[in-house]
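Each chain is listed here by its residues.
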Amino acid sequence: MTMPGQPAKQGPRSLDPHLRRYAARTAGMTASEIRALFAVASRPEVVSLAGGMPHLAALPLESLSAEIGQLVASEGLVALQYGSAHGVPLLREQICDVMALEGINGHPDDVVVTVGSQMGLDMVTRIFCDPGDVVIAEGPSYVGALGSFTAYQAQVVHVAMDADGLVPSLLREALEACKRAGQRVKFLYTIPNFHNPAGVTLAVSRRAEILEICRSYGVLVVEDNPYGLLGFDGQTYPALRSMDPDNVVYLGSFSKTFAAGLRVGWVLAPHAVREKLVLAAESATLCPPTLNQMVVSRYLSTQDWKGQIKTYREAYRERRDAAISALEQHMPQGSTWNIPNGGFYVWVTVPEGIDTKAMLPRAVTARVAYASGTGFYADGFGSRQLRISYCYPTPERIREGVRRLANVIEDEMQLAATFGATPGRQLSGPQAPSPDTA
């Protein structure tokens, strides 16, 4: 018993004195389990096959530098000032021209410019999802999207893919199961072109069927398409938005086709949804950086941006070929992988008995890094998968990285044969995104 005038007994000291003050939704926010390793993985002797960083050396940096200087000199009073949460009007018109390449007939008024497409994901989730709502997503799915869904306490239900992308019959089964369970499905989140992380593309023959299924169940479609112009044969696919404008929210980005560091993306939404997105943008950032938007707009106006995309495609195709040939040459029996026809990623399945998350520290010790598969699932799956990003290293570095990775996997196989396989571990939730897993 505490006597008057005596201080009350203190309980165990918390490492975080604010712990009891946090909102309940923060419980599902977990940092990337591999992020700490990349302080080591960023060393020049380590071949990083992990991060989805674009090949910026392909940009015309000298002419861009001159254009940016002229922009600040001639329009600095506007470029360095606050702007609209909606985005710079000229850029919104130019974005519509970019989307027209994939069959989208968008209106500039329905475009909301964002600080990267990650901000668009966050805003869409915020305005549609209440705690406990369901988001349908491909399995695997982009780690940044899973982090946003978890932050707003939405449940993620994965639907499997095959070589032709999301399987319509499995989507229908998942929606029907949610309906029977009384769960509210708010939207389907899909990356139809050159998927991150799986590298597959949704077959054109499936697109209309998937849209029809979602309409029949009253489910919105959120189409995330940062890679759509990066097909290695130059082919573009009809955007889902072009096929059903009233039920598809489209997310785009200049991070993969121009420069990631500018953080300029956009959302094209049905008109009524657009207004909610503008309000969400105002509360989050007040306005996206005007200078960055005007740099992108100047680039689209003065540079051969279509030719630049062609240059990117050729560079990434060369790197894809290096990755595939190295996998064929070095990977042990029992390993499988897809051959992407665009984008940045190869999705690899390793032999049974290997946990790619547990193996990652040993891989970094062997001077190679990758993204382990569990981070791309909300339900703990993916322990036998890993993502290889071929977009950033040179072809020579890619081949050397895959060789090192194959040696690590063979060592893991010997350990598993001697001591038994590492048991698969379930995760409590998706990892938060970082540049290492983008």
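Residues numbered from 1 in each chain as written. Predicted model: local features only at pLDDT ≥ 70, side-chain atom pairs only at ≥ 80, totals over all residues. Heavy atoms only, no water.

The UniProt entry for the protein chain carries this comment under Sequence similarities (unreviewed entry): "Belongs to the class-I pyridoxal-phosphate-dependent aminotransferase family." Of the protein chain, the UniProt comment under Subunit (unreviewed entry) reads exactly: "Homodimer." (UniProt positions renumbered as here; feature names shortened; annotations may be inferred.)

(A) Representation of the confidence of the model for the protein chain in the model. Of the residues in the protein chain, 89% have a pLDDT of 70 or more, and the chain-wide mean is 91. A low-confidence stretch, residues 425–436 stays under pLDDT 50, and its non-local contacts, those more than four residues away or across chains, total 46 contacts. (pLDDT = per-residue confidence, 0-100. Contact = heavy atoms within 4.5 Å.)

(B) Geometry of helix α3 (residues 89–100). Compared with the 16 Å implied by 1.5 Å per residue over 12 residues, the 17 Å span of α3 between its first and last C-alpha is a close match. All of the buried residues in α3 are Leu91, Arg92, Gln94, Ile95, Cys96, Val98 and Met99. Buried residues in α3 make contact with β2 (111–114), β8 (248–253), β9 (265–268), α10 (290–302) and α11 (305–330). (Helix = DSSP H or I, 4+ residues; strand = E, 2+ residues; numbered from the N terminus. Expected span 1.5 Å × (residues − 1). Buried < 20%, exposed > 50% of the residue type's maximum accessible area, 1.4 Å probe, protein only.)

(C) Broad picture of unusual backbone geometry. Between Gly139 and Pro140 the backbone carries a cis peptide bond, its omega angle lying at 5°. Checked against the element boundaries, Pro140 lands in the loop between β3 (134–139) and α5 (143–151). Residue Pro197 is bonded to the preceding Asn196 through a cis peptide linkage, with omega at 15°. Structurally, Pro197 is set in the loop between β6 (185–190) and α7 (204–216). Its identity is not glycine, yet Phe194 carries a phi of approximately 55°, on the positive side.

(D) Summary view of the side chain of His55. Counting through the fold element by element, His55 comes out in the loop between β1 (47–48) and α2 (61–79). For His55, a relative accessible area of 16% puts it in the buried group. Those residues in contact with His55, other than ones at most four positions away along the chain, are Tyr312, Ala315, Tyr316, Arg319, Cys391 and Tyr392.

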